[in-house]
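# Working through the structure, step by step
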Amino acid sequence: PTLPANAAPAFGLSQVVFGEASFVIITNWGNDAGALGGFWLSQGDTFRALPDVSLNPGEQALIGLAAEAPPELTGMAAIVDLGRSIGTVAPDNGEVALHNSTDFNEAASLVAYVEWGETTHQRSELAVAAGLWDGIPIAVFDDAPSISSGVYPATSSLDWSVDIGG
């Protein structure tokens, strides 16, 4: 990915993979190295701390969210297994947020956000207030394996694409 002119680490969500082998990819879009320690991943009202994994500029971490071990994808700087700790990541409806503090109900704690499906999501209004989302869920078809973004910051449903194939 092309890195923006950020003078610090800048973490963002790059991919959300649905289903039994679900995972999230977090990218350091900044120009400095940084660590994920102190960051939290959430879905709805379920929050899990990320380990202190360092990412250099442009590097990515795969965060496994399934009962089975996460896949060993080439090019990942780190692979972390959180298990089913934030619940099932289903293609029909959901949200994932990245927070930089435990003030989960404060817009300032949100770093990145994405939502998909039809219903109201618990962090959507907060993400809109933080300027991190446009309030429009991504329309995902039933067989889509994932959604991806190559944009930083991804603040709109238009910044994301629905992936085809598996």
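Whatever comes next refers back to the structure up there.
A short tour of the structure in this document, coming up. The model shown is predicted, which means the values in this text are computed figures rather than measured ones.

The antiparallel open sheet is built from 4 strands, whose spatial order is β5-β4-β9-β10. Taken across any chain shown, the strands that pair with only one partner, and hence form the sheet edges, are β5 (46-49) and β10 (110-117). Across the sheet, the mean angle from the axis of one strand to that of its neighbour is 15°, orientation sign disregarded. Bridge count between strand β9 (residues 93-99) and β10: 7 bridges; the pairing is antiparallel. Within β10, the position partnered with E95 by the bridge is E115.

Next up on the list: the pattern of salt bridges. A full pass over the atoms with the stated rule returns 2 salt bridges. In this structure, R84 and E20 form a salt bridge, with 2.5 Å as the shortest nitrogen-oxygen distance. Residue R84 is located in the loop between β8 (78-81) and β9, and its partner E20 is located in the loop between β1 (11-17) and β2 (23-28); the two are separated by 64 residues in the primary sequence. In this structure R84 comes out as partly exposed when scored by relative accessible area, which is 35%. You can call E20 exposed: its relative accessible area is 54%. Across the pair D45 and R123 runs a salt bridge, and its minimum N-O distance is 2.8 Å. Placement of the pair is D45 in the loop between β4 (40-43) and β5 and R123 in the loop between β10 and α1 (124-129), with a sequence separation of 78 residues. Overall, D45 belongs to the exposed group, its relative accessible area being 52%.

Calculation rules
Residues numbered from 1 in each chain as written. Predicted model: local features only at pLDDT ≥ 70, side-chain atom pairs only at ≥ 80, totals over all residues. Heavy atoms only, no water. Pairing = 2+ DSSP bridges. Helix = DSSP H or I, 4+ residues; strand = E, 2+ residues; numbered from the N terminus. Axes fitted to C-alpha atoms, helices over the stretch in contact; angles between N-to-C directions. Salt bridge = Lys/Arg side-chain N within 4 Å of Asp/Glu carboxyl O. Buried < 20%, exposed > 50% of the residue type's maximum accessible area, 1.4 Å probe, protein only.

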